[in-house]
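Chain residues, written in single-letter form:
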Amino acid sequence: MRGTTAERRDTTQAPGHEADSGAIQWNEPAAIAARRLRHDVATSLTVMADGRPIGQIRLEDIERAENNGNWLGAVLVHHLMRTPEDTCN
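In this text, all values refer to a predicted model and were calculated from it rather than measured experimentally.

S.K.: For this particular structure, what's the right way to read the pairing of strand β2 (residues 44–49)?
M.R.: Along a regular strand, successive side chains alternate from one face of the sheet to the other. As paired strands, strand β1 (residues 23–25) and β2 are joined by three bridges and run parallel to one another. Bridged to Ile 24 within β2 is Val 47. Crossover β1 to β2 through helix α2 (residues 30–40) is right-handed. The pairing of β2 with strand β3 (residues 52–58) spans six bridges and is antiparallel. The residue of β3 that forms the bridge with Met 48 is Pro 53. Following β2, the chain reverses through two residues before pairing antiparallel with β3; Asp 50 in that reversal takes a positive phi of roughly 55 degrees.

S.K.: What is the right way to look at the side chain of Arg 82 in this model?
M.R.: Position of Arg 82 among the secondary structure elements: in the segment after α4 (77–80). Accessibility expressed as a relative area gives 19% for Arg 82, which makes it buried. One polar contact links Arg 82 to Glu 60, side chain to side chain, over a distance of 3.1 Å. Within the structure, the side chain of Arg 82 is placed 2.8 Å from the side chain of Asp 61, a separation counted as a polar contact. Non-local contacts of Arg 82, meaning those with residues more than four positions away in its chain, are made with Gly 55, Gln 56, Arg 58, Glu 60, Asp 61 and Arg 64.

S.K.: I would appreciate a short explanation of the pattern of salt bridges in the present structure.
M.R.: Charged atoms that come close allow side chains of opposite charge to pair. The tally for this structure, following the rule as stated, stands at four salt bridges. Between Arg 82 and Asp 61 there is a salt bridge, with the nearest N and O atoms lying 2.8 Å from each other. Of the two residues, Arg 82 is situated in the segment after α4 and Asp 61 in helix α3 (residues 59–67); the sequence distance between them amounts to 21 residues. Both residues of the pair, Arg 82 and Asp 61, count as buried. What emerges from the salt-bridge pattern is a single network uniting Glu 60, Asp 61, Arg 64 and Arg 82.

Conventions used here
Residues numbered from 1 in each chain as written. Predicted model: local features only at pLDDT ≥ 70, side-chain atom pairs only at ≥ 80, totals over all residues. Heavy atoms only, no water. Pairing = 2+ DSSP bridges. Helix = DSSP H or I, 4+ residues; strand = E, 2+ residues; numbered from the N terminus. Right-handed = clockwise from strand over helix to strand, strands pointing away. Buried < 20%, exposed > 50% of the residue type's maximum accessible area, 1.4 Å probe, protein only. Polar contact = N/O pair within 3.5 Å; in protein donor to acceptor, adjacent residues only side chain to side chain. Contact = heavy atoms within 4.5 Å. Salt bridge = Lys/Arg side-chain N within 4 Å of Asp/Glu carboxyl O.

And the structure:
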């Protein structure tokens, strides 16, 4: 029974991580977000922290950082993400 309980815990933790192709963790390098956005031809990824969404990162955010001379391997996703307060509608 212990093995079954441990397996259940492992499967409940997986969806908050890389299992969701439309999400990325806040502490990932922006280079990973860039690769996923370009490879998947997506326009944005949901930024996650502790299993909950905290913002979004868009391809235009990545490109703006690149155009300003930033090396995406040294920039974390949370430095480039947008929060709901960043949009005006």
